[in-house]
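Tertiary structure, described
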Amino acid sequence: MEPYNQTYMSSFILLGLSSIPYLQVIYFLIFLIIYTITLSGNVLLIVLVRIDSQLHTPMYFFLTNLSFIDICFSSTIVPKILVNTFSQDKSISFLGCASQMYFSLALGATECIILAVMAYDRYVAICNPLQYQIIMHKQICISLAAFSWILSFLNSVVHAVLTFRLPYCKSKLVNHFFCEMPPLFQLACKDTLFNEVAVYISGGIIALFSFLLTLISYFHIISTILKIRSNKGRYKVFSTCGSHLAVVSLYYGTIAFMYLRPRSSYSPDRDRAISMLYTVVTPMLNPIIYSIRNKDVKGTLKRKLAMKSYR
């Protein structure tokens, strides 16, 4: 065995975003507002889909999965940020750090796959509309969602075990606002090449599979749209995909940049900004993007508000 001058690491200290008092106040208010919008927006979207039978379709089934993921994803990270902003004790237990990393990684991978499944759903709806009900039946939708959750949580087990079996003897200070693999690797007193290769392989497979499924789906979607003669018809069909494309571009881009890159490019300040995009900002934007651009969701909300005011 390799000799390490290591003591048992019972906790870590999250350095957070800033130690300057007035910036801490600003960050607290920003994150509190973002978290409130995230929770209310995603919960509202789930409730609207549940109460309106017209929205009981595969597309909205996967959209409610996405909203539930965003609620859990944000809740795994943001409350700890809010507590640490003003607290003198910014420590997080070894088990708490492992749990936070496990769930954030698992939920992030689940969102990645669900977005790809949603692209496939749009492909079937646009390119094979007559067979849509046959292909995207209830059982296959549940199976696809279950596959996304199970695969992602099993993948996260591997990384959590590998990461927290590393000997940590350099420092307890995690230069980040939550427990994530890249900053934790910096604290290990053992070479982390094996862990990084494991991230590249499993993350690459999940990201590549999801990206290829999305890319192929949209290749066929665009080909079908281009065959439509009227500009109005093209816009109407493409508008059903616009929201999804916006979310996919933001999410895949930030995830790929964070995890699928050489170790030499690690930069704490830049990585905190990138992590903030997909862990805090994207969960808030998802329900807003889908609601603003979605006539069905807006129609359901207007009807329910009108019924409430009439009563």
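Above: the structure in question.
So, a few notes on the structure that sits alongside this text. For clarity, every value in this text was computed on a predicted model and none was experimentally measured.

The next point concerns the overall build of the chain. Broken down by element type, the chain carries ten helices and three strands. Order of helices (α) and strands (β) in the chain, N terminus to C terminus: β-α-α-β-α-α-α-β-α-α-α-α-α. Counting only carbon and sulfur atoms, one obtains 68% of the accessible surface of the chain, whose full area is about 16,200 Å².

The sheet built from three strands is open, its strands ordered β2-β1-β3 with mixed pairing. At either end of the open sheet lies a strand with only one pairing partner, and these are β2 (91–93) and β3 (173–174). Pairing of strand β1 (residues 11–14) with β3 involves two bridges; the strand directions are parallel. Note on β3: the bridge partner recorded for I13 is L173.

Next up on the list: the packing of aromatic side chains. The tally for this structure, following the rule as stated, stands at eleven aromatic pairs. Taking the centre distance of 5.2 Å and the plane angle of 85° together, the rings of F94 and F164 count as edge-to-face. Placement of F94 in helix α3 (residues 94–127) and of F164 in helix α5 (residues 138–164) is noted, with a sequence separation of 70 residues between them. On the basis of relative accessible area, F164 is assigned to the buried category, the value being 11%. Here F103 and F153 contribute two aromatic rings whose centre-to-centre distance is 6.3 Å and whose plane-to-plane angle is 70°, an arrangement assigned as edge-to-face. One end of the pair, F103, is in helix α3; the other, F153, is in helix α5, with 50 residues separating them in the sequence.

Moving on, we get to helix α1 (residues 21–51). Residues separated by three or four positions in an α-helix point in the same direction, a consequence of the helix having 3.6 residues per turn. Across its 31 residues, α1 extends 45 Å between first and last C-alpha, which sits within 8% of the 45 Å expected from 1.5 Å per residue. Along α1, the positions that sit buried rather than exposed are Q24, F31, I34, Y35, T38, N42, L45, L48 and V49.

A word on the side chain of Q100. Structurally, Q100 can be placed in helix α3. Among all residues touching Q100, those that are not within four sequence positions of it are T76, I77, K80, I92, F178 and C179.

The next point concerns the pairing of β1. Side-chain direction in a regular strand flips from residue to residue, so the side chains alternate between the two faces of the sheet. Bridge count between β1 and β2: three bridges; the pairing is antiparallel. The partner of S11 across the bridge, within β2, is S93.

Calculation rules
Residues numbered from 1 in each chain as written. Predicted model: local features only at pLDDT ≥ 70, side-chain atom pairs only at ≥ 80, totals over all residues. Heavy atoms only, no water. Helix = DSSP H or I, 4+ residues; strand = E, 2+ residues; numbered from the N terminus. Areas by Shrake-Rupley, 256 points an atom, 1.4 Å probe, with all protein chains shown as cover. Pairing = 2+ DSSP bridges. Phe/Tyr/Trp six-rings, centres within 6.5 Å; stacked < 30°, edge-to-face > 60°. Buried < 20%, exposed > 50% of the residue type's maximum accessible area, 1.4 Å probe, protein only. Expected span 1.5 Å × (residues − 1). Contact = heavy atoms within 4.5 Å.

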